[in-house]
Structures are given as structure tokens and as C-alpha cells.
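# What the coordinates show
So you can see what is in the structure, the chains are spelled out below.
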Amino acid sequence: MLKSITKRSFGFNLAVAVGSILLLGLVFFLSLGVITKHGDTLTVPDVYKKNVQEATMILEKEGFNVDVRDSIYIDSIPALAVWEQTPEKGATVKVGRTIYLTINKVVPPMVAMPDLEGFTFRSAEMMLRSLRLNVGDTIYKPDFATNTVLQQLLNGKVLKPGKMIPEGSNITLVLSSGTGSTENPAPNLIGLTFLEAKETLSASNLSIGTVLIDPGVGDTLNAYVTKQSPMPRNNLNETNKVRAGESIDIWLSNTRPSKDSEVAAPAEEN
């Protein structure tokens, strides 16, 4: 064969070589459609909210490959359910295409509770959503700062800032409804301990304002209220009135005051 090739002219051999290459190229391109399954397409089924095992079986049965690429926590769907698929449902793709799934985590991740006290309701809601927390119940309580957060609760208990809680938790917000329109007599706190005064004010929908403490006081909760502003009565012995949501300033001392301290001292003459 080698003799036969060498006896032929260079031009003939070149033509044969070029023809062989062209023939091989033609065969390759004609078979390319079969190799790549050109023209064979499928519609991606909907596996949203299906368990990942069920979703994988459905997709593989239809001729797709499956790859779980990510996970996220959504409290509204079951654990291990499909949250997202790429390509999306209804897309037309080639046979054998890989469908990427994002599934729901089994255990919710933990997140630090922010300090929402003093936030407006809208700002608090946005902050909670950014941390994948939910606004649960809203409770309104009289206070001068209308529609601001007074407390944050979880399962009925006060929730301190920084405490780690599961994503998706429902946070109850205690909001200010503003001061009330009805005036009531200022409660008499003179002689009560600080703890008793706090409970008395809370029962009247009032709050403690400025607290001035004598230097010798060590146990604040058991210190006595010696003065308050406004006092129960003014210097004309008239009842002072306050509205729900307002605050009362108090003075604390180790010494229990006498009961006649509830009348405001007469104004000094210049």
C-alpha cells in the first residue's frame, strides 16, 4: 500500500487527504444532532413545596438531572420542601438538563434579637423582616410617645436585646397609644418603695420619669419615695390630675417619709 501511495502524484495524495477530512467532518456534523439530542426538549415540571426526595424522583423520571445547591429557612413550608427551582416551572429545556433546587432547612438558624424599644412600628417591622423574624400580636398601652415600641415579647415574656432566637419567631410588640384623654388624680407614691411605686404606676397606665437617688441609697428597689412630681396635691391642697401614658418623677431615700408629705410645698416668695 505504501508503494502504491508513493507511486501516485503529490497532488493526488493531497486531494485524497482533503477529501477524507471533509468526509469525516460531514459524518460528525450529521451525527451531532443524535449525540446531543438536538431538538429533544422537555417542559420543566413544578416541584415547589414538594419534599426533596419526591421532587428528585419526578424530575429524574422526566429525564432531568437534579442538584440541591442551596438551603434556606421559611417557616411557612415544611422542612426539606423545595422553595425554589432553576430553571423555573414551565421552562422549555433540553433533555438531560440539570435542575437546581433550593430546599427548606430542617432546623431554623438562630438570630440575635434587636433592641426595638423606641422604634416606630414601621421601623420595628422592617428590622424584624430583615432578620427573618415576624411581627406577631400588637398590644397598645398608654404612653406619651405615640406608636413607638415600649416592649418586645416572645411567648408572653419580655425578650431582651441580644438573646438568640430561631428565625421565623413571632415577636409581640407593645406599642404606645399616646396619652389618654381622661384626667385622673395623681397617685400618692410617698412612702412606697421604688418597687411598689413602679407597680402602682403600671396599674394606672403611668410610667416612671426621672429618678433622683440620695447618695446613701444602696438597694434601689427597697428605697422609699420621699417626693414626686407632680405631687398628689398642689400647694392649694387641690388634687393634681394626670392622664394615662404620662410619667411621674420620683426621689428616693433610705428613710421612709412622713405621711403628710403628699402636699406640695408652698411656693417661696421672692
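Along each chain, the written sequence defines residue order, and numbers are assigned to residues from 1. Whole-chain, interface and lining totals are the exception, using all residues; otherwise, since this is a predicted model, local features are given only for residues with pLDDT of at least 70 and side-chain atom pairs are given and counted only at 80 or more. Each side-chain value is derived from all of the structure's non-hydrogen atoms; neither hydrogens nor water enter the calculation.

## Notes on the overall build of the protein chain
- In this text, helices come from DSSP runs of H or I with a minimum length of four residues, and strands from runs of E with a minimum of two, each type numbered from the N-terminal end. Helix and strand counts for the protein chain come out as 5 helices and 16 strands.
- A 1.4 Å probe rolled over the protein chains alone gives each residue an accessible area, and that area as a share of the maximum for its type sets the label: buried under 20%, exposed over 50%, partly exposed in between. Residues classed as buried in the protein chain amount to 29% of the 270 residues present.
- Should any heavy atoms of two residues lie within 4.5 Å, those residues are considered in contact. Once local pairs closer than 6 in sequence are excluded, the contacts in the protein chain between residues at least 24 apart make up 74%.
- The Shrake-Rupley method, run with a 1.4 Å probe sphere, supplies the accessible areas, and residue values consider only the shown protein chains as cover. Accessible surface for the protein chain amounts to roughly 17200 Å². Of this, 55% is attributable to carbon and sulfur atoms.

## Some points on the layout of surface pockets
- Approximately 390 Å³ is the volume found for the largest pocket.
- Using a 1 Å grid laid over the protein atoms alone, points where a 1.4 Å probe fits but cannot get out form a cavity; open sets with protein on both sides within 12 Å along at least 5 of 7 lines form a pocket; any residue with an atom within 4 Å of a point counts as lining. Lining of the largest pocket is provided by 20 residues; of these, Lys141, Asp143, Leu206, Ser207 and Ile208 occupy positions nearest its centre.
- By residue number, the principal contributor to the lining of the largest pocket is helix 5 (residues 194-203), which donates 5 residues.
- Tallied by class, residues from the lining of the largest pocket come to 8 nonpolar, 7 polar and 5 charged. Grid points are joined across faces, edges and corners, and a volume is the space filled by probe spheres set on the points. Any residue that is not Ala, Val, Leu, Ile, Met, Phe, Trp, Tyr, Cys, Pro, Asp, Glu, Lys or Arg is counted as polar, Gly included; the first ten are nonpolar and the last four charged.

## Section: the confidence of the model for the protein chain
- pLDDT is defined as a per-residue confidence score from the predictor, taking values between 0 and 100. In the predicted model, the protein chain carries a mean pLDDT of 84, and the fraction of residues at 70 or more is 82%.
- Counting interchain partners and residues more than four positions distant, the pLDDT-below-50 stretch residues 266-270 has 2 contacts.

## Describing the nonpolar core
- In this structure, Leu189, Leu201, Leu206, Val225, Ile248, Ile250 and Leu252 are the most contacted members of the largest nonpolar core, which totals 15 residues.
- Breaking this core down by element, the ones donating at least two residues are helix 5 and strand 16 (247-253).
- Setting aside residues up to four positions removed in sequence, Leu189 forms contacts with Ala197, Thr200, Leu201, Val225, Gln228, Ile248 and Ile250.
- Residues grouped as a nonpolar core are buried Ala, Val, Leu, Ile, Met, Phe, Trp, Tyr and Cys residues, joined through side-chain atoms within 4.5 Å. Counting 13 residues, the second-largest nonpolar core is a separate cluster that includes Val111, Val149, Leu159 and Leu175.

## Focus: the pattern of salt bridges
- Only one rule defines a salt bridge in this text: a Lys or Arg side-chain nitrogen within 4 Å of an Asp or Glu carboxyl oxygen. Using the criterion set out here, one finds 5 salt bridges in the structure.
- Of the charged contacts, one joins Arg122 and Glu125 as a salt bridge, the two residues approaching to 2.4 Å between their closest N and O atoms. In this pair, Arg122 and Glu125 both sit in helix 4 (residues 121-130), 3 residues apart, roughly one turn of the helix.
- Each of Arg122, Glu125 and Arg129 takes part in a single network of salt bridges with overlapping partners.

## Details of the sheet that holds strand 9 (residues 157-158)
- The sheet built from 4 strands is open, its strands ordered 7-11-8-9 with mixed pairing. Each of the sheet's edge strands pairs with one partner strand only, and the pair in question is strand 7 (134-141) and strand 9.
- Of the strands in this sheet, strand 7, strand 8 (149-154) and strand 11 (170-176) are in contact with helix 4, which crosses strand 7 at around 155°. Should DSSP find at least two bridges between two strands, the strands are taken to pair. Note on method: axes are straight lines fitted to C-alpha atoms, helices fitted across the in-contact stretch only, with angles between N-to-C directions ranging 0 to 180 degrees.

## Observations concerning the packing of aromatic side chains
- Two aromatic rings, drawn from Phe, Tyr or Trp (for Trp, its six-membered ring), form a pair once their centres lie within 6.5 Å of each other, and the interplanar angle then sorts them: stacked below 30 degrees, edge-to-face above 60, tilted otherwise. For the structure shown, the criterion picks out 1 aromatic pair.
- Pairing Tyr48 with Trp83 gives two aromatic rings, centres 5.9 Å apart and planes at 55°, and the pair type is tilted. On the criterion of sequence distance, the pair formed by Tyr48 in the loop between strand 1 (41-43) and helix 3 (52-61) and Trp83 in strand 3 (residues 82-86) is long-range, its members being 35 residues apart.
- Relative accessible area serves as the criterion here: at 37%, Tyr48 is assigned to the partly exposed category.
- Judged by its relative accessible area of 31%, Trp83 is partly exposed.
- The criterion for a charge sitting over a ring is simple: Lys NZ or Arg CZ within 6 Å of the ring centre, and within 35 degrees of the ring normal. Just above the ring of Trp251 sits the side chain of Lys227; from NZ or CZ to the centre is 4.6 Å.

## Re the sheet that holds strand 16
- Pairing within the open sheet is mixed, and its 3 strands lie in the order 13-16-14. Looking at the sheet topology across the chains shown, the edges are occupied by strand 13 (207-213) and strand 14 (224-229). Strand-to-strand twist of the sheet, defined as the mean angle between neighbouring strand axes without regard to direction, takes the value 30°.
- Bridging between strand 14 and strand 16 involves 5 bridges; their strand directions are antiparallel. Counterpart to Tyr224 in the pairing with strand 16 is Ser253.
- The strands touched by helix 5 within the sheet are strand 13, strand 14 and strand 16, with strand 13 carrying the most contacts at an inclination of about 160°.

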